[in-house]
Amino acid sequence: MVKDTYTEFANSSLGEKITKTLGLPQPAKLRRYRPEAPLIEGPTVVLGSSEASDILADQLVSWDLDVRRHVGRREKVAAVVAVFDTAQTPADLSETVLALGGLLKQLKSSARVITVFRDPQGNEDPAVTAARKGVEGLTRSLAHEMRAGGTANGLILSEELDAAAPSVSGALRFLLSGRSAFVSGQFITVQNTNGVLPDEWTQPLAGQVAVVTGAARGIGAAIAKILRRDGAEIIAVDIPAAGESLAGVANEVSGTALQLDITAEDAGDRILAHAEQHYGRLDIVVHNAGITRDKLLANMDPSRWDSVIAVNIESQLRMNRTFLESELFNRPEAGVGPRIVSLASTSGIAGNRGQTNYAASKSGVIGMVSATSAQLEARHGTINAVAPGFIETEMTAKMPFATREVARRLNSLNQGGLPEDVAETIAYLVSPAAGGTSGLTLRVCGQNLVGA
Ligand code: NAD
């Protein structure tokens, strides 16, 4: 991993003065999740006067947070939850928006703003839809305005969903916590009442078995470690050539290693056989293994195109078919059914020069999760994708210095994310508390402005 020396410098006392004077980017040290640390430190202000705002405030109180409806002008604020669920027309937004604006100068570092509103696609009335889309727009813009490591994200409730649904609490908690440190300007939709809150928030995956592909290094190794920390048993998969580092990761997470090329026809069957033999169950699949073979399309050769498509998407489609036919990957308990998370990329959303093959595969992942969602729902399960932006890994360390420095700073947090940031988002999506969210692609990119 390449060290981000600029961020270290900007966080020293001399560096802070110099970067401020010169008007240079000021990447803050982000508040990241630690199981032993409080969820959030300082007052959380809940704005809005609907029934949902009362329900959410009660939920926050039940987590022992310092919940307020108002704060003094000089008080520092750790988080604001702005609830807009009853807006009927854009003019209805103003009271809560302006109250939110009045608090922004009082935010602590790594503060959180969470807007809560109903799904814009859930209503046919033009004024209601305009109001809801309006909250999306203001949330995205506010995310660009946040300072000192703060983020702004939206929590979207489907039309009739009760704000007390477990997955609403789960999403709210994720967005408040350090788990979402590198998630900004994004939206989590909760569609239904599936999902359950864990007995123990630090061990949400206790007793579950997870397979992570491409686990020998980079983001995959971080996913294996974080799912383990959250209580899961880990099956770490990677190609035989990465066998030594794979064994190292498997040992570190007290899991088992499976050397396997995921493009093999029988990859899904081999994973199921391994899970059956060692654990007797399989609950979570993380399709993380991926490759890049960048070339302009004018110079593209069959091996570069075909290998990227084969590893990044065809293998996942094939394995999912196998998993979804298996009774091993089928937990009948409502809300905690099987989970699949797949790695997309911001290149699959915005496109990127030299990456037609990679972007095709990653857009394919986004389409695949949305189209597979109904099959998972039938098993009380979920499938989602995570789209990382610039993440500090061996992959991005190979970029030329100037390109890397530009890619790293061009987001609202002015820094690259860490593999752990991607892993924390995946850990949330596979947790029982996220059972009401499926078919979604969630970006972990610090709200970056260009494709990765
Ligand atoms: P990486 O190259 O460091 O690690 C990928 C791992 O996948 C390697 O251990 C590799 O051996 C394994 N792998 C490759 N082909 C395989 C195969 N056929 N079978 C089994 N294992 C195989 O990559 P990373 O940066 O950790 O990225 C992980 C995922 O995140 C990828 O899907 C990547 O496209 C995605 N991603 C990364 C970034 C980033 O900034 N690093 C950004 C967006 C998306």
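The chain is annotated in an unreviewed UniProt entry as 3-oxoacyl-ACP reductase of Nesterenkonia sedimenti. Quoted straight from UniProt, the Sequence similarities (unreviewed entry) entry for the chain says "Belongs to the short-chain dehydrogenases/reductases (SDR) family."

### A look at the site of the ligand
What surrounds the ligand is a group of 26 residues, the closest being R217, I219, D238, N288 and Y358. Between the ligand and R217, the relevant distance is 2.7 Å, taken from an oxygen atom to a side-chain nitrogen or oxygen of the residue. Between the ligand and I219 there is a distance of 2.8 Å, counted from an oxygen atom to a backbone nitrogen or oxygen. Looking at the shell around the ligand, the elements with two or more residues in it are α7 (218-229), α12 (356-377) and α13 (394-397). Along the lines of polarity and charge, the residues of the shell around the ligand split into 14 nonpolar, 8 polar and 4 charged.

### Focus on a nonpolar patch on the surface
There is a patch of nonpolar side chains on the surface, built from V406, L410 and L449 and spanning about 260 Å² of accessible area. As for its position among the elements, V406 is in helix α14 (residues 401-409).

### Side note on the domain arrangement of the chain
Per the domain assignment, the segments making up the chain are domain 1 (32-190) and domain 2 (209-444). Taken together, the contact pairs 21 residues of domain 1 with 25 residues of domain 2. By the criterion of area lost to domain 2, the three top residues of domain 1 are R32, R179 and F182, representing 38% of everything that side buries. At the surface where domain 1 touches domain 2, the tally comes to 3 salt bridges.

Calculation notes
Residues numbered from 1 in each chain as written. Predicted model: local features only at pLDDT ≥ 70, side-chain atom pairs only at ≥ 80, totals over all residues. Heavy atoms only, no water. UniProt positions renumbered as here; feature names shortened; annotations may be inferred. Near = heavy atom within 4 Å. Polar contact = N/O pair within 3.5 Å; in protein donor to acceptor, adjacent residues only side chain to side chain. Helix = DSSP H or I, 4+ residues; strand = E, 2+ residues; numbered from the N terminus. Nonpolar A, V, L, I, M, F, W, Y, C, P; charged D, E, K, R; others polar. Patch = residues over 30% accessible without salt bridge, like charges linked within 9 Å, V, L, I, M, F, W, Y side chains within 5 Å. Areas by Shrake-Rupley, 256 points an atom, 1.4 Å probe, with all protein chains shown as cover. Salt bridge = Lys/Arg side-chain N within 4 Å of Asp/Glu carboxyl O. Domains from an automatic or database assignment. Contact = heavy atoms within 4.5 Å. Buried area = accessible area lost by both parts, 1.4 Å probe.

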